[in-house]
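Per-entry structural report
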Amino acid sequence: MSSVAEGSGALSSARAPALASRVLTWQQVSRLDGKQVLTVLRMFHPLWDAATDTDLLHADATRARGNFRTWAKITSHAYAALARSPGTAVGQALLSRACSRLGPTP
């Protein structure tokens, strides 16, 4: 069976027959390495253009671990934080605030 997500928390189509019946093709997406994280994030959202490589790689190493879905969540939380506090710099403090909204790290 193919999986919807990578890792031990993967949802298999065997455990979700209703989902499996609606999915034509399953795609396995491998984790991003450090260089890919920097490239993909900056293509994904202009918010990350202002962040340093060091800050992004630290957030990836400690929270996202190359998982693009997690980065999408971090981006959403960071963007919301910037909307609440427009003068906030895109850096380690913003990333820490956004990552703290993800919940506990497994």
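Right above here is the structure, for reference.
Note that the structure is predicted; figures quoted are calculated from it, not measured.

Overall, the coordinates contain 2 aromatic pairs when judged by the stated rule. Arranged with centres 4.9 Å apart and planes meeting at 80°, the rings of Phe44 and Phe68 form a pair that is edge-to-face. Residue Phe44 is located in helix α2 (residues 34-44), and its partner Phe68 is located in helix α4 (residues 68-84); the two are separated by 24 residues in the primary sequence. Residue classification places Phe44 among the partly exposed positions, given a relative accessible area of 35%. On the numbers, 5.7 Å between centres and 80° between planes, the contact of Trp48 with Trp71 is edge-to-face. Taken as a pair, Trp48 in the loop between α2 and α3 (53-64) and Trp71 in helix α4 lie far apart in primary sequence, 23 residues in all. The same class applies to Trp48 as to Trp71, namely buried.

With that settled, consider α3. Its 12 residues give α3 an end-to-end C-alpha distance of only 14 Å, which falls more than 12% under 16 Å, the value for a rise of 1.5 Å per residue. For α3, the complete set of buried residues consists of Asp55, Leu56, Ala59, Asp60, Arg63 and Ala64. On an axial view of α3, the arc spanned by its buried residues comes to 135°, and they lie on one face. Opposite its buried face, α3 presents the exposed residues Thr54 and Ala61, each directed more than 90 degrees away. Where the residues of α3 are buried, they touch α2, α4 and α5 (92-100). Looking at the residues trailing α3, positive phi occurs at Arg65, about 55°.

Quick notes on the rules
Residues numbered from 1 in each chain as written. Predicted model: local features only at pLDDT ≥ 70, side-chain atom pairs only at ≥ 80, totals over all residues. Heavy atoms only, no water. Phe/Tyr/Trp six-rings, centres within 6.5 Å; stacked < 30°, edge-to-face > 60°. Helix = DSSP H or I, 4+ residues; strand = E, 2+ residues; numbered from the N terminus. Buried < 20%, exposed > 50% of the residue type's maximum accessible area, 1.4 Å probe, protein only. Expected span 1.5 Å × (residues − 1). Arc of directions from axis to C-beta. Contact = heavy atoms within 4.5 Å.

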